[in-house]
Every structure is written in C-alpha cells, then in structure tokens.
Amino acid sequence: MPKRKAVQAELYSPDAAGNPCLNGGKCGTCGYVFFPPQRYGCEACGAPPEKLEAVELRGRGRLHSYATVHLHQGKDIEAPFTVGLIVLDDGPAIRAMLTERTDAGLAVGDRMASVLVAAGTDADGNEMVELRFARAEAGR
Ligand SMILES: [Zn+2]
C-alpha cells in the first residue's frame, strides 16, 4: 500500500497524524539537544557517541533570519524561493525552505511551524513529502 515518505527520511518523518517530526539528538550527559542528528559525540561537553540518544523535536520555533533567492541556476528549485533560519522551541536552529516564495510580510521573530508538502511519487507509488516551514497561525 502506498505510504507517505520523507524525501530526507534521516532528518524528518511524518507522525501518525501526518505532521512532521524532526529527528534530533540529545546528550545523556549534559542534556544538550541538537539537530541534525549526528553520531560523533556531544559537541557541547565532549561525551562519547554512546551517550547520545535520538529525540523527536517539535517543528515549532521563531524565525531568526531569512533570505529570498530571486535567481537560481539549478533546475531542482524554481526561483523565487525563501530560506529561513528557525530557532526551534526545543533548542536547535534549523535552516529550511519556507512555504512562502517571497519574504513579503515576513518578520524576524515570527512564529513558524513545520509542514510537509507534496513532492511527487516514487517508483513504488509512495507519496513523497518535503519539509517546509510556514508562518504559524496565532496561538500555535
Ligand atoms: Zn553533552
């Protein structure tokens, strides 16, 4: 049966309700939370890799900075598009594409929420989804 699959499954995955879960990590020694996941050891206290555990991060945060790309040579993405740096409520910052194609109406400090957008189907008919951030509704 076709499923929803993340384009970058190591970074995020749909939860049971279809909302994105970000795959982060946490240090069992000092509590440092990080994203993206890595297995080298804690970059805050130097604890070895076996002290790191996987944690799911909520895709909620505040917009720290953003930039709109108006000319893009690659064929993978059509310009314009906007990239934002979002500081997650759970601690780490994540650089991600926004659903807004331009920065009209965006402001540093805006509440942001992660969403999964359709990105075609794979050879097995699974619906592929990509992570984006969108301005959150008030109260989210
Ligand atoms: Zn640590």
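For clarity, every value in this text was computed on a predicted model and none was experimentally measured.

## Observations regarding the overall build of the protein
Looking only at helices and strands, the protein has zero helices and ten strands in total. Along the protein, helices and strands appear, N-terminal first, in the series β-β-β-β-β-β-β-β-β-β. Overall, the protein is about 45 × 40 × 35 Å in size when its C-alpha atoms are taken along their principal axes. In the protein, which comprises 140 residues, the proportion classed as buried is 35%. Only carbon and sulfur atoms are counted for the fraction: they give 50% of the accessible area of the protein, which is about 8,400 Å². The average position of the 16 basic charges and that of the 18 acidic charges among the side chains of the protein differ by 2 Å.

## A look at the packing of aromatic side chains
Under the defined criterion, the tally for this structure stands at one aromatic pair. Ring centres of Tyr 32 and Phe 34 lie 6.2 Å apart, and the angle between their planes is 25°; this geometry places the pair in the stacked category. Among the residues examined, Tyr 32 registers a relative accessible area of 31% and is labelled partly exposed. Judged by relative accessible area, Phe 34 falls into the buried class, the value being 4%.

## Some remarks on the pairing of strand β9 (residues 111-121)
In the case of a regular strand, side chains alternate between the two sheet surfaces. Across three bridges, the pairing between strand β6 (residues 60-69) and β9 is antiparallel. When the sheet's bridge partners are listed, Arg 60 is paired in β9 with Ala 113. When β9 meets strand β10 (residues 127-135), the two strands line up antiparallel, connected through eight bridges. From the neighbouring strand, Ala 113 faces β10, where its bridge partner is Ala 134. Connecting β9 to the antiparallel partner β10 that follows it, the hairpin turn spans five residues, and Gly 125 within it adopts a positive phi of roughly 85°.

## Examining the coordination of the zinc ion
Those protein atoms acting as donors to the zinc ion are Cys 27 (SG), Cys 30 (SG), Cys 42 (SG) and Cys 45 (SG), and they sit at 2.3 Å. Within one chain, the residues serving as donors to the zinc ion are arranged as C-x2-C-x11-C-x2-C. Taken together, the residues span a long stretch of sequence, with Cys 30 in the loop between β3 (20-27) and β4 (33-34) and Cys 42 in the loop between β4 and β5 (52-58) at a distance of twelve residues.

## Some remarks on the side chain of Ser 114
With respect to the helices and strands, the residue Ser 114 is situated in strand β9. On the basis of relative accessibility, which here comes to 5%, the residue Ser 114 falls in the buried class. Ignoring sequence-local partners within four residues, the contact set of Ser 114 consists of Pro 20, Gly 59, Arg 60, Leu 131, Arg 132 and Phe 133.

What counts and what doesn't
Residues numbered from 1 in each chain as written. Predicted model: local features only at pLDDT ≥ 70, side-chain atom pairs only at ≥ 80, totals over all residues. Heavy atoms only, no water. Helix = DSSP H or I, 4+ residues; strand = E, 2+ residues; numbered from the N terminus. Buried < 20%, exposed > 50% of the residue type's maximum accessible area, 1.4 Å probe, protein only. Areas by Shrake-Rupley, 256 points an atom, 1.4 Å probe, with all protein chains shown as cover. Lys, Arg positive; Asp, Glu negative; His and termini not counted. Charge placed at Lys NZ, Arg CZ, Asp CG, Glu CD. Phe/Tyr/Trp six-rings, centres within 6.5 Å; stacked < 30°, edge-to-face > 60°. Pairing = 2+ DSSP bridges. Donors = N, O, S within 2.8 Å, 3.2 Å for Na, K, Ca; no water. Contact = heavy atoms within 4.5 Å.

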